[in-house]
Amino acid sequence: MQGLNSPETANEDDEKKLTIVDDEATENCLNPVGPLREGAELCRLHLGDERYVVLKSFKGVMQAHIRQFELGPKGPFPTSKGVALNLEKWKKLEEMYAEDIDLSVTNFDKNDENIDCKIHLGSNYYVSVKKPIARVDIRRWFLPLDSDVIVPTKKGISLTFKQWSYLKNSMAVVRQLVSKELDETVYCEQSNDHLNQMGYLACSNCNPNGYMY
Ligand SMILES: [Zn+2]
């Protein structure tokens, strides 16, 4: 992927965006770095309870981590608890599904049976809200052998509704930091080789377990 993680393609506007003043006193502190390095954090946005949205590239692929940190002697450090979403999944969450999740969150306390939602982000990643647990769960699932029902893995994070609201706030910052990459990101199901249903069905991102749910 070309763009902000590739210094030779970064233009002056990109540079300007990234030289946001680092203010450690603010809870949602931005730590933009420049020149951009592989693995360097473009931002670390606090969601509460030492959970952060961290934008950084791994092997040249930009990922948005929603991750639990722990406090150590040198400050917060990332744990394995959380998810790393590529920009396609992040964009889907932001553009296509945040409103649906909001609807479930807003109506959670109402006596309505239909608030449960389970939204497919691609491969085996799902966002779900399911009564009676007041959380927005973002998680990798998997299909056990000899089963036709996917089950949740430990790779994920369950956000309180407040943390979900902060996650939504973080989307505007992420959008600003990687606007070019997000604009260039095409939803897998809209790519050319998915124009016929066979292409879609053969795609491990769109149809990860060989059939539809
Ligand atoms: Zn696909």
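Residues numbered from 1 in each chain as written. Predicted model: local features only at pLDDT ≥ 70, side-chain atom pairs only at ≥ 80, totals over all residues. Heavy atoms only, no water.

Caption draft 1: Broad picture of unusual backbone geometry. Backbone torsion omega between Lys131 and Pro132 reads 5°, so that peptide bond is classified as cis. Mapped onto the secondary structure, Pro132 falls in the loop between β6 (125–130) and β7 (133–142). The backbone of Glu50 shows a phi angle near 60°, a positive value even though the residue is not glycine. Along the chain, Glu50 turns up in the loop between β1 (41–48) and β2 (51–58). (Helix = DSSP H or I, 4+ residues; strand = E, 2+ residues; numbered from the N terminus.)

Caption draft 2: Representation of the coordination of the zinc ion within the structure. Surrounding the zinc ion are the protein donor atoms Cys188 (SG), His194 (NE2), Cys203 (SG) and Cys206 (SG), at 2.1 to 2.3 Å. Its four donor atoms give the zinc ion angles of 103 to 121° at the centre, a pattern that matches the tetrahedral case. Binding-site remark: the zinc ion is held by donors from one chain whose sequence spacing is C-x5-H-x8-C-x2-C. Of this pair, His194 sits in the loop between α4 (179–184) and α5 (197–201) while Cys206 sits in the segment after α5, and the two are twelve residues apart along the sequence. For the pair His194 and Cys206, one class covers both residues: buried. (Donors = N, O, S within 2.8 Å, 3.2 Å for Na, K, Ca; no water. Tetrahedral: all angles 85-135°; square planar, octahedral: opposite > 155°, others 65-115°. Buried < 20%, exposed > 50% of the residue type's maximum accessible area, 1.4 Å probe, protein only.)

Caption draft 3: Highlighting the environment of Ser57. For Ser57, the location among the structural elements is in strand β2. Assessed through its relative accessible area of 4%, Ser57 is described here as buried. Along the backbone, Ser57 and Ala40 are 17 residues apart, and their C-alpha atoms lie at a distance of 7.1 Å.

Caption draft 4: Focus on the layout of surface pockets. The volume enclosed by the largest pocket comes to roughly 270 Å³. Contributing to the lining of the largest pocket are 15 residues, with Ser128, Val129, Lys130, Ile133 and Asp137 lying nearest its centre. Those elements giving two or more residues to the lining of the largest pocket turn out to be β5 (117–122), β6, β7 and β8 (151–159). Residue contributions to the lining of the largest pocket peak at five residues, all from β7. (1 Å grid on protein atoms, 1.4 Å probe; cavity = no way out; pocket = protein on both sides within 12 Å on 5 of 7 lines; lining within 4 Å. Points joined across faces, edges and corners; volume = space filled by probe spheres on them.)

Caption draft 5: Quick peek at the packing of helix α2 (residues 87–106) against helix α3 (residues 161–177). Relative orientation of the contacting elements α2 and α3 amounts to 150°, with a least axis distance of 11 Å. As far as their axial angle goes, α3 and α2 are roughly antiparallel. Between α2 and α3 lies a crossing whose hand is left-handed. Contacts from Trp90, Lys91, Leu93, Glu94, Glu95, Ala98, Ile101, Asp102 and Val105 in α2 reach Phe161, Trp164, Leu167, Lys168, Ser170, Met171, Val174 and Arg175 in α3. Each residue belonging to the contact of α2 with α3 can be placed in one class, and the counts come to ten nonpolar, one polar and six charged. (Axes fitted to C-alpha atoms, helices over the stretch in contact; angles between N-to-C directions. Parallel < 35°, antiparallel > 145°, perpendicular 65-115°, else oblique. Left-handed = near helix turned anticlockwise from the far one by under 90°. Contact = heavy atoms within 4.5 Å. Nonpolar A, V, L, I, M, F, W, Y, C, P; charged D, E, K, R; others polar.)

Caption draft 6: Inspection of the sheet that holds β8 at higher detail. Strand order in the open sheet made by the four strands is β5-β6-β7-β8, with antiparallel pairing throughout. Only two strands of the sheet have a single neighbouring strand rather than two, namely β5 and β8. When the angles between neighbouring strand axes are averaged without regard to direction, this sheet yields 25°. Both β5 and β6 contribute to a ladder of five bridges, which runs antiparallel. Following the sheet pairing, Gly122 is matched in β6 by Tyr125. (Pairing = 2+ DSSP bridges.)

Caption draft 7: Here's a closer look at the environment of Val136. Structurally, Val136 is set in strand β7. In this structure, Val136 is in contact with Ile101, Val105, Val127, Ser128, Val129, Ile157, Ser158, Leu159, Phe161 and Trp164, ignoring residues within four places of it in sequence.

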